[in-house]
Amino acid sequence: MCSSDLDLWNLNFSNNYIEKLEGLKHLKSLNTLTIAKNKLGFGGVEDLIELASMNVSSLDIQDNKIWDPDVLPEVLARMPDLRCLYMKGNSACKRIPNYRKSITVYCEHMKYLDDRPVFPEDRRAAEAFNMGGLEAERAERRLIKQEEAQRHDRNMKAFGEMIERSKAEKRERDAMLGEDKYTAETDPVDTVEKRMARQVNQWRAD
């Protein structure tokens, strides 16, 4: 394979019996490379080593002949912008220990792997597993759930406080109007409705 230095964004080489990836590293603008259903991988990592020097963000190498687990540290982990990877259908997926967790940890910008997204909590759990095994991962997932519950409680509290402030404003406004001291126009309590009305009037004036 060879290519001139073109300003390409998306390149698809699927179903072409390609055995080695080469001649593409000069495509500095290439964002998406699809090279599924070929013969890549028979020769080991060397068949894909050129990817390590490319700025590809989305890579589809499904259903090739990639068997060497070193494809992760030698190629994928060295791709600086890799965010989306499709790699199913290669025997290396079964040879890489804890495949999904390992790729999540070593490809630090990964956002989507094979059939589903990589969420921030997935990364935290994978990193915990990498550091301390299954128990560390379980502990991290419990911590994530606690943080989610606390965040939910904070949001509900803030919402309740907003409702109470709105009710207090209404009670104060109604009390002032009840004393005939103020009219709706001269009411000094600045409500959301009054602020919106002022904005509408300003828009009309402009």
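Keep in mind the model is a prediction, meaning the values are calculated, not measured.

Take the confidence of the model for the protein next. For the protein, per-residue confidence averages 85 on the pLDDT scale, and 87% of positions sit at 70 or higher. At the low end of the mean pLDDT range in the protein sits helix α5 (residues 192–205), at 74; at the high end sits strand β4 (residues 84–86), at 98.

Evaluated as defined, the whole model comprises six salt bridges. For Glu 135, the salt bridge identified is with Arg 138, shortest N-O distance 3.1 Å. Residue Glu 135 and its partner Arg 138 are both found in helix α4 (residues 120–178); the two are separated by three residues, about one turn of the helix. When salt bridges with common partners are traced through the structure, they connect Lys 101, Glu 137 and Arg 141 into a single cluster.

Below, the discussion takes up the sheet that holds strand β2 (residues 32–34). What the six strands build is an open sheet, ordered β1-β2-β3-β4-β5-β6; its pairing is mixed. Bordering the open sheet on either side are β1 (10–12) and β6 (116–117), each of which pairs with just one other strand. Here β2 pairs with strand β3 (residues 58–60) via three bridges, running parallel. Bridge pairing in β3 links Thr 32 to Ser 58.

Quick notes on the rules
Residues numbered from 1 in each chain as written. Predicted model: local features only at pLDDT ≥ 70, side-chain atom pairs only at ≥ 80, totals over all residues. Heavy atoms only, no water. pLDDT = per-residue confidence, 0-100. Helix = DSSP H or I, 4+ residues; strand = E, 2+ residues; numbered from the N terminus. Salt bridge = Lys/Arg side-chain N within 4 Å of Asp/Glu carboxyl O. Pairing = 2+ DSSP bridges.

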